[in-house]
Amino acid sequence: MPAFLWRGGYPPKQQIAAVLVVAFFALVFFVRNTIFDSSFSSWHTWTEPQTTTTPIRPPGECSPQAYANGHWEHHPRTTKTNMTSPDDAIAFSGFEKCASSRERYWHLAVNMEHQWDRFPKAHNYRWVPSQKCKGLKPLDAAALLKDLVEDGGWYFVGDSVTENHFFSLSCILGPHVIATPTYIANSGEFDRAWPQNLYLDPSSPVISSITFPKGFNIATTPLATFRRIDILFSKDELAKIHRNMPGQDKNLKDFGLFSDEGIWGVPLNDYIQEFLSPLPKGNYATMVVNTAGHWSETALAKVNPPGIKGILHLFEEATKQWADKLQAALWKDERGSGSFRLMNSRKKRRAVVRAYLPGHYDCFEHRKPWSEIQPFTDHWFNWNEIQDFNIIWDKLLSERKKYPDIHYLPIERPARLRPDAHTNDCLHIMTGAGVLEGFSHYIWHYVTQEIPA
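Residues numbered from 1 in each chain as written. Predicted model: local features only at pLDDT ≥ 70, side-chain atom pairs only at ≥ 80, totals over all residues. Heavy atoms only, no water.

## So, the overall build of the protein
Then, number 1: Within the protein, the regular secondary structure consists of 15 helices and nine strands.
Then, number 2: Burial statistics for the protein: of 453 residues in total, 53% are counted as buried.
Then, number 3: For the protein, restricting intrachain contacts to residue pairs at least 6 apart in sequence, the fraction spanning at least 24 positions comes to 79%.
Then, number 4: Here the protein displays about 21,400 Å² of accessible surface, and carbon together with sulfur accounts for 56% of that area. (Helix = DSSP H or I, 4+ residues; strand = E, 2+ residues; numbered from the N terminus. Buried < 20%, exposed > 50% of the residue type's maximum accessible area, 1.4 Å probe, protein only. Contact = heavy atoms within 4.5 Å. Areas by Shrake-Rupley, 256 points an atom, 1.4 Å probe, with all protein chains shown as cover.)

Encoded structure:
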């Protein structure tokens, strides 16, 4: 018997018994804090302990600012000089196919033949981040796909601008994924509220290189999901926030808040629970959030105080409540799924809020990127105030100890420099021009490289 077990004067058998007792209780403690964590969380409402010190993320090799402070570089992807078919846009972009069938030609910005002279020029640029951005790997569809399984999928929350982003992702991953629903088969019969999903195609050659989490079902576990949620909340929830805001006029006769303009929403708790759903239903790790476009005077016509000032005040209060509730849910999920993450080498779930984009008023007059953002020349919708909404997000989420798992990404500058890369409304971005693809590229980098394990 090793000497350290019997020094101290007690007989060896008693020493061995004492060691076994200690080992037994250590094992019980380990089991209690891993295997049974999930059942514990089901009846215990988790809140952050007051004694917890939240680690601050160290500066990464490519911060959002370092990525955004770059320039567009001429980089032709094709030798063709003109467009002869709308499907040429796929080849001009460097894609093999776009999996989503949702308004495909509109997203590719080829639904207006008189604007075909923009192609392939609009696709012949690539974003070059600043020299301070180090370690940004090239965008690789197979590697991204592998991370969407092993690290966890993306859950998109936002309006049609976010749908824009989701469609682009379906093109990046095109040959490896299946998109639902099939809008061609449902032509004329669809609801913008339908969830859109990307699933792993069983025929993808990448499958052999993927380590699947236990319970992952290729047929039913999404890699990515888009939910049309224009205002972060349901309409009833946002109206209630408006009614109960500090300093609100209690004598206000109409708290209805909304005009007749179409707005889509989902109750916050409903989509948080969908995001946190376990395998095989869900495998999400990153919520990708983008909102501001429908926080306008035409949509929120009955806001009090009236006008954009009242809307910004409401946005500030609503985003705070949203972040408070989401972070609390993420803390609770962390407590309940700790053992799962340890066994599967998974990071904590997180959310990233991407800065919103204004449009360009005279987009069809441009045929190349800008080198610097130009001032607005008109006033449409709430485009001139979009930066004010982004500032609210930036200020709120800079409280890293309060919201350690919700990250603000000010990466809008590449889009602000592309007046030539819009669809037919001068707000949405065409898929394939490098803007939306750059968003996916950087988010992929950020969640896998910038956020510590």
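## Some words on the pattern of salt bridges
Then, number 1: Counted according to the given criterion, the structure contains 15 salt bridges.
Then, number 2: K320 is the partner of D324 in a salt bridge, and the nearest nitrogen-oxygen pair spans 3.0 Å. Here D324 pairs with K320, and both are found in helix α11 (residues 307–336), just four residues apart, close to one helical turn.
Then, number 3: You can call D324 partly exposed: its relative accessible area is 28%.
Then, number 4: Between E372 and R413 there is a salt bridge, and its shortest N-O distance comes to 4.0 Å. Of the two residues, E372 is situated in the loop between β8 (350–354) and α13 (386–397) and R413 in helix α14 (residues 413–416); the sequence distance between them amounts to 41 residues.
Then, number 5: Classification of E372 by relative accessible area gives partly exposed; the value is 47%. (Salt bridge = Lys/Arg side-chain N within 4 Å of Asp/Glu carboxyl O.)

## Observations regarding the packing of aromatic side chains
Then, number 1: Scanning all chains against the criterion turns up 21 aromatic pairs.
Then, number 2: Ring centres of Y67 and W127 lie 6.5 Å apart, and the angle between their planes is 55 degrees; this geometry places the pair in the tilted category. With a gap of 60 residues between them, Y67 in helix α4 (residues 64–68) and W127 in strand β2 (residues 125–128) connect regions that are remote in the sequence.
Then, number 3: Looking at W127, the relative accessible area reads 12%, which means it is buried.
Then, number 4: Seen in terms of ring centroids, F156 and F166 are 5.8 Å apart; in terms of plane orientation they differ by 80 degrees. Their pairing is edge-to-face. Of this pair, F156 sits in strand β3 (residues 153–158) while F166 sits in helix α8 (residues 160–172), and the two are ten residues apart along the sequence. The burial state of F156 is the same as that of F166; both residues are buried.
Then, number 5: Members of the aromatic cluster, each reached through a chain of ring pairs, are Y67, W72, W127, Y442 and Y446.
Then, number 6: Positioned above the aromatic ring of W72, the side-chain terminus of R418 is 4.6 Å from the ring centre. (Phe/Tyr/Trp six-rings, centres within 6.5 Å; stacked < 30°, edge-to-face > 60°. Lys NZ or Arg CZ within 6 Å of the ring centre and 35° of its normal.)

## Comments concerning the packing of α8 against helix α15 (residues 435–450)
Then, number 1: Running from amino to carboxyl end, α8 crosses α15 at an angle of 80 degrees, the nearest separation of the two axes being 9 Å. As judged from the angle between their axes, α8 and α15 are roughly perpendicular. In this structure, α8 contributes N164, H165, S168, L169 and I172 to the contact, and α15 contributes L436, E437, F439, S440 and I443.
Then, number 2: Taken together, the residues of the contact of α8 with α15 break down into five nonpolar, four polar and one charged. (Axes fitted to C-alpha atoms, helices over the stretch in contact; angles between N-to-C directions. Parallel < 35°, antiparallel > 145°, perpendicular 65-115°, else oblique. Nonpolar A, V, L, I, M, F, W, Y, C, P; charged D, E, K, R; others polar.)

## Points about the sheet that holds strand β4 (residues 177–180)
Then, number 1: Pairing is mixed across the open sheet formed by seven strands, whose spatial order is β4-β5-β6-β3-β7-β8-β9. Two strands close off the open sheet at either side, each with one partner strand: β4 and β9 (406–409). Strand-to-strand, the axes of this sheet are offset by a mean angle of 20 degrees, without reference to chain direction.
Then, number 2: Across four bridges, β8 lies against β9 in parallel orientation. By the bridge assignment, R354 is partnered in β9 with L409. (Pairing = 2+ DSSP bridges.)

## Looking at the packing of α11 against α13
Then, number 1: With their axes 10 Å apart at the nearest point, α11 and α13 run at an angle of 30 degrees to one another. In terms of axis orientation, α11 runs roughly parallel to α13. Of the two elements, α11 crosses α13, and the hand of that crossing is right-handed. In contact with I308, I311, L312, F315, E316, T319, K320, W322 and A323 of α11, α13 contributes D388, F389, I392, W393, L396 and L397.
Then, number 2: Looking at the contact of α11 with α13 residue by residue, the class counts come to eleven nonpolar, one polar and three charged. (Left-handed = near helix turned anticlockwise from the far one by under 90°.)

## Considering the state of the cysteines
Then, number 1: Overall, the coordinates contain three disulfides when judged by the stated rule.
Then, number 2: A disulfide bridge connects C98 with C171, and the sulfur atoms are separated by 2.0 Å. Measuring handedness by torsion sign, the sulfur bridge of C98 and C171 sits at about 110 degrees and is right-handed. Linking C98 in the loop between α5 (88–93) and α6 (104–107) with C171 in helix α8, this pair joins segments that are 73 residues apart in sequence.
Then, number 3: At a sulfur-sulfur separation of 2.0 Å, the disulfide partner of C363 is C426. Judged by the torsion about the S-S bond (-70 degrees), the C363/C426 disulfide is left-handed. You can see C363 sitting in the loop between β8 and α13 and its partner C426 sitting in the loop between α14 and α15, a full 63 residues away along the chain. (Disulfide = S-S within 2.5 Å.)

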